[in-house]
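# Understanding the architecture of this molecule
Residue-level listing of the chains:
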Amino acid sequence: MTVGKDVSALFPDVVNCMQTDNLELKKLVYLYLMNYAKSQPDMAIMAVNTFVKDCEDPNPLIRALAVRTMGCIRVDKITEYLCEPLRKCLKDEDPYVRKTAAVCVAKLHDINAQLVEDQGFLDTLKDLISDSNPMVVANAVAALSEIAESHPSSNLLDLNPQSINKLLTALNECTEWGQIFILDCLANYMPKDDREAQSICERVTPRLSHANSAVVLSAVKVLMKFMEMLSKDLDYYGTLLKKLAPPLVTLLSAEPELQYVALRNINLIVQKRPEILKHEMKVFFVKYNDPIYVKLEKLDIMIRLASQANIAQVLAELKEYATEVDVDFVRKAVRAIGRCAIKVEQSAERCVSTLLDLIQTKVNYVVQEAIVVIKDIFRKYPNKYESVIATLCENLDSLDEPEARAAMIWIVGEYAERIDNADELLESFLEGFHDESTQVQLQLLTAIVKLFLKKPTETQELVQQVLSLATQDSDNPDLRDRGYIYWRLLSTDPVAAKEVVLAEKPLISEETDLIEPTLLDELICYIGTLASVYHKPPSAFVEGSRGVVHKSLPPRTGSSESAESPEAAPSAGQAAEQPAVIPAQGDLLGDLLNLDLGPPVSGPPLAASSVQMGAVDLLGGGLDSLMGDESEGMGGSGFTAPGPAAPAGMGAPLGSGLGDLFDLTGGVGTLSGSYVAPKTVWLPAMKAKGLEISGTFSRQVDSISMDLVLTNKALQVMSDFAIQFNRNSFGLAPAAPLQVHAPLAPNQSVEISLPLNTVGSVMKMDPLNNLQVAVKNNIDVFYFSTLYPLHILFVEDGKMERQMFLATWKDIPNENEAQFQIKDCSLNADAVSSKLQGSNIFTIAKRNVEGQDMLYQSLKLTNGIWVLAELRIQPSNPSFTLSLKCRAPEVSQYVYQAYDAILKN
C-alpha cells in the first residue's frame, strides 16, 4: 500500500485482523482502514463494532488510536455510529484520550457540521477549555478555532477574562504547537481596558524566548496588538519595546528561508513601530553569502530604519553594496541611496556625492539607476543640486533602459533654461521616436513643450515636429491625447499653457512604498501567517467558500470614540453643510447592500456629442503673447497644423481651445445664472480607506448632473469604480455608469460629471431631499448620504398660464399655504425675478401694492408637482416674505431652502 500498489481487495481479511491485542499490528490495520474506507464504504461499516469496542479498551493509547482513526475515516454512513464513542472519549479520565477526541470533533464538523451541532459536541468542546490538562486546553482551542474559521459568524470562542486566565495558565505547560494555537486565540480577544491588556502582555512576554520561531512570532503578534491599548507614557510600554527587539534579532540567525519569513514580518513591524528596532541597524547589514531574496528584504528594512543618527553607517554600507557583482542587488542598493537622500534631509548632500562617485564608475546599470534616483532628489530638493546636471548629460549616450531615458529627458526638460544645448539633446532622442517605449515618448513630448515655453524662438520646428509625431504618426491613444491637448493649449492660450505645463510641482513624499495604514493594521493581526509574507490580507489570496474575517487593531488609548457614535450625528441643519456617513440604519442600508453595482438603469439618452475639430492653424496666432517681440517678422504663418490632424470634412473653426476639446455636450451648456452650490466633502478619506469624495449637483437644460471629485489619499491604486443610489423621494438615479477612465493613482484626483435621471425607484425619505449613495472600487464598497438642493428638480416648462395660476391658487386649500422669511437679501424685484428664472422659477405677474412689489411665481418639479409662490419685496426692507401653495405641502420647506440659496448666492 505504501509503495503505491492497490491492495483494496484484501479489505475483508484486514478488517478481521482488527481484533488483535498487538498495538503495532492494530496501528497498521487502522492505517489501512483510513486509506481504503473511502473506496469501500460498505465494507468499512464492518469495522464500526471494533471501533466502539476499542473506545472502551482499558489501554488509553488504544482508546485514543480508535477515536483518531474514526475521525480520519471520511465516510458519511459511518459518522452517525461514531457519535457515542466520541462523546465517551471527550469525557475520558485520561487527558491523552480527551485531547485526541477534541481534534476529532473538528474533523467530524468538517464532514457533517449539522451532526456535530445537534449532538452538542461544541458545548463539550467549550467545556474542555477549562480542563486541568494544558494539552487538552490547547487542542480544544485549536479545534474551536478551526471550526470558527469555517463559520465566521458563529461566536464559538466566546472569550472572557476567566477563560483568558485559563488559557494563559495552560500556555506555560503545553507543547509548542499548543502554545501557537493559544496565542493565536489570545490575539483575537479584545481586552476591556489597558490594565487587562498589560496583564496579558506580561504573561505572554516569556514566550518571546522560545526556541520555536513560530511561537515567537505568535507572541509578537499578541504584544503588537495589545500595545495599541497601552499608553506611551507608561514605563511598561518602554520596557515592552526593549523586550521585543532581541527575539526578532535572534530570528535572523536561522536558515535563509526562516530569515526571509522573519524579515517580511519585521518589515511590517518596523512600519508600525520603528522605535522597536531603531538601535539594531547592524543586524540588517547584508552578508556576502545571503541569498538574493534575503539581501533585498534587508535593504528595504535598512531604509525604513535610516535616521539622522545612523545615516553615515548606512551610506557607507550601501556604497559598498553598489560595487557587488549581483546586478539586481546593485540596482536596489543605488535606489536605496536615493531613498535615503529623500528620507533624511541632512544626508542628501552626501547621498548626491555618493551617487556621482558611482556615475564615475561608468558601469552601465549603475549609471542608469543613479539617474532615476537623482530625478527624485531634484523633485524633493528643487534648486539645490542642479550643478550635477552637466555630469548627467555626459552619460546620455549610455542610457538604454526606458526608465533611465525617461528620467534623463525629464531632467533636461525641467531644467532646459540651464542647459545650453537642451534642444540638441532632446532632438537626439527624437530621431528614434517610434522605437522608444510609451513612457519615454510621453516624457519627450512634455519635455519639448516645456523647452518651447522657455525658449520659444529657437525650438519652434522641434515642437512642431514632436506634436505631429505624437498626433499623426502614433497609435498610442495616451500619446495622441496629450499631443492634442498641448497643441490646443499652445494655439489658443499660450499664457495658460505656461501656467499648466510649467506649474510648480509639489514635493514628493519621503516614503512612497509604505503600506496603507488600514491595511497595515490588518496585516499586523496576521503576523506569523502567510498574509504577513505576501503583505496582502487573506481575502486577496484565499479562495473558496471559507469566509475570511477582516481583523483590525483595537482602538488606541485616548482616541475619542464619540465621533463615530450615532448620537453625535449632526442635526438636519448641520447635515446640509457636512453630510454624515450613513449610520447602519435598518432596511435602508439593507437596500443599498443588496444593490447590484452593475451599470445603472439607462435613462433618457444624452445629447449626441458634436465635437468639431477643424483643420486649422492650431499653433498660429496665439503665440504672439508668449513670444513677445521676437515673433514679429515670423508672422506665425510657419506654424500651421498638418492637414490630416483633423478628420476630413469637418472644417468648422475651433472655438475656445480646451473648452471645445472637452465640451462634449453638443452645445448644451449650463443655464445662465443657474445656481450651483460649491462642492463639499461627502465621504471623508478616513471613512473610506483613503477614498475622498466631494461634490455638488447642477442642472443643465433638461438634465441633472452630480459633479464629483474623487481623490485617492491611500497608498494603493484605485480602479473599477461603480456607483448606485438607494431609493429616494424623487427617483434620482445615475443615467450612465461612473466613468473613471484610468486607474486613480495615490494623491491623484479626478473630476467626473455623472448624468442623472429621475426614473429610479421612489421611496419617501426623511429629510425629503436625502440621497443615500453606494460607491464601489477595487478596495471595498462605501456608503454615504448627502442632501441635494431641490432646485435641480425644477423643470424648464414650469411657467403656468395666468388664468390657470389664479384658478389653481384658489383651488389649493388655505391650510396648504406656508409662509417663510428670506432675510438679508438686498436685491430689487427685477434682479430677484431674473435670478430665479435662471433656476427655472418663473414670474407669472408682478404688481405694486402700497409701495410693495408682489411677484407671483410658479415652478414644476420633475415628478409633476406644481408649486405656486407669492414673493413680497419692500424696497427698504432686506427681509422678503415668501408664501408657497402646493398640493404636497411637505415640499414647501425644501422649495423655501432653494429660494434662499439661489437669492443669497
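Quick summary incoming for the structure in this document. From a predicted model like this one, the values you see are computed outputs, not experimental measurements.

### Topic: the overall build of the protein
Helix and strand content of the protein: 37 helices and 13 strands. Residue burial in the protein is summarised as follows: out of 905 residues, 50% are buried. The contacts of the protein with a sequence gap of at least 6 include a subset with a gap of at least 24, amounting to 69%. Of the roughly 42200 Å² that the protein leaves accessible, carbon and sulfur atoms contribute 51%.

### Points about the nonpolar core
Within soluble globular proteins, side chains that are nonpolar generally end up buried alongside one another. The biggest cluster of nonpolar side chains holds 205 residues, and the ones touching the most others in it are Val204, Leu277 and Phe378. When residues of this core are assigned to domains, at least three fall in each of domain 1 (1-158) and domain 2 (401-492).

### Let's talk about the packing of aromatic side chains
Applying the stated rule across the entire model yields 13 aromatic pairs. Centre to centre, the rings of Phe697 and Tyr788 are 6.1 Å apart; their planes meet at 65°, and the pair counts as edge-to-face. Of this pair, Phe697 sits in strand E2 (residues 691-700) while Tyr788 sits in the loop between strand E8 (781-787) and helix H35 (802-811), placing them 91 residues apart in sequence. By relative accessible area, Tyr788 is classed as buried at 0%. One cation-aromatic arrangement involves Lys295 over Phe329; the distance from NZ or CZ to the ring centre is 5.1 Å.

### A look at the pattern of salt bridges
Summed over the entire model, instances satisfying the criterion amount to 33 salt bridges. Of the charged contacts, one joins Lys272 and Asp521 as a salt bridge, the two residues approaching to 2.8 Å between their closest N and O atoms. Here the residue Lys272 occupies a position in helix H16 (residues 256-272), and Asp521 occupies one in helix H29 (residues 517-524), the gap between them amounting to 249 residues. Residue Lys272 is classed as partly exposed on the basis of its relative accessible area of 23%. One salt bridge in this structure joins Arg887 and Asp811, with 2.8 Å as the shortest N-O distance. Remark: Asp811 occurs in helix H35 and Arg887 occurs in the loop between strand E13 (880-886) and helix H37 (892-904); sequence separation between them is 76 residues. Classification of Arg887 by relative accessible area gives exposed; the value is 53%.

### A word on unusual backbone geometry
The step from Asp766 to Pro767 runs through a cis peptide bond, and the omega angle for that step is -5°. Following the sequence through the fold, Pro767 ends up in the loop between strand E6 (749-757) and strand E7 (770-776). If you check the backbone angles, Asp702 has positive phi at about 60° while not being a glycine. As for its position among the elements, Asp702 is in the loop between E2 and strand E3 (703-712). Residue Asp702 is classed as exposed on the basis of its relative accessible area, which comes to 62%.

### A short note on the sheet that holds strand E10 (residues 842-849)
Spatially, E9-E13-E12-E11-E10 is the arrangement adopted by the five strands of the open sheet, whose pairing is antiparallel. The open sheet is flanked by strand E9 (817-822) and E10, the only strands paired with a single partner. Neighbour-to-neighbour, the strand axes of the sheet open up by a mean angle of 20°, direction not taken into account. With respect to the sheet, H35 is in contact with E9, E10, strand E11 (852-860), strand E12 (866-873) and E13, its orientation differing from that of E12 by roughly 95°. Its contacts with the sheet put H37 on E9, E11, E12 and E13, and the angle it makes with E9 is roughly 25°.

### A short note on a nonpolar patch on the surface
Judged by side-chain polarity, Leu25, Leu28 and Leu31 come together as a nonpolar surface patch covering roughly 260 Å² of accessible area. Of note, Leu31 is situated in helix H2 (residues 23-36).

### Regarding the environment of Ser876
Position of Ser876 relative to the elements: it lies in the loop between E12 and E13. Taking the C-alpha atoms as reference, Ser876 lies 9.6 Å from Gln852; in sequence the two are 24 residues apart.

### Observations concerning the environment of Leu445
Among the secondary structure elements, Leu445 is positioned in helix H25 (residues 438-454). Along the sequence, Leu445 and Gly413 sit 32 residues apart, while their C-alpha atoms lie 9.5 Å from each other. In contact with Leu445, not counting residues within four places along its chain, are Val466, Leu467, Ala470, Leu479, Arg482, Gly483 and Tyr486.

### So, the pairing of E13
Among the seven residues in E13, seven count as buried, and that is most of the element. Covered by surrounding structure in E13 are Phe880, Leu882, Leu884 and Cys886 together with Thr881, Ser883 and Lys885, the residues of both alternating faces. When E9 meets E13, the two strands line up antiparallel, connected through six bridges. Residue pairing in the sheet places Glu817 in a bridge with Lys885 of E13. Where E12 and E13 come together, six bridges link them in antiparallel fashion. Residue pairing in the sheet places Leu871 in a bridge with Leu882 of E13. Two successive antiparallel strands, E12 and E13, enclose a turn made up of six residues.

Cut-off values and rules
Residues numbered from 1 in each chain as written. Predicted model: local features only at pLDDT ≥ 70, side-chain atom pairs only at ≥ 80, totals over all residues. Heavy atoms only, no water. Helix = DSSP H or I, 4+ residues; strand = E, 2+ residues; numbered from the N terminus. Buried < 20%, exposed > 50% of the residue type's maximum accessible area, 1.4 Å probe, protein only. Contact = heavy atoms within 4.5 Å. Areas by Shrake-Rupley, 256 points an atom, 1.4 Å probe, with all protein chains shown as cover. Core = buried A, V, L, I, M, F, W, Y, C linked by side-chain atoms within 4.5 Å. Domains from an automatic or database assignment. Phe/Tyr/Trp six-rings, centres within 6.5 Å; stacked < 30°, edge-to-face > 60°. Lys NZ or Arg CZ within 6 Å of the ring centre and 35° of its normal. Salt bridge = Lys/Arg side-chain N within 4 Å of Asp/Glu carboxyl O. Pairing = 2+ DSSP bridges. Axes fitted to C-alpha atoms, helices over the stretch in contact; angles between N-to-C directions. Patch = residues over 30% accessible without salt bridge, like charges linked within 9 Å, V, L, I, M, F, W, Y side chains within 5 Å.

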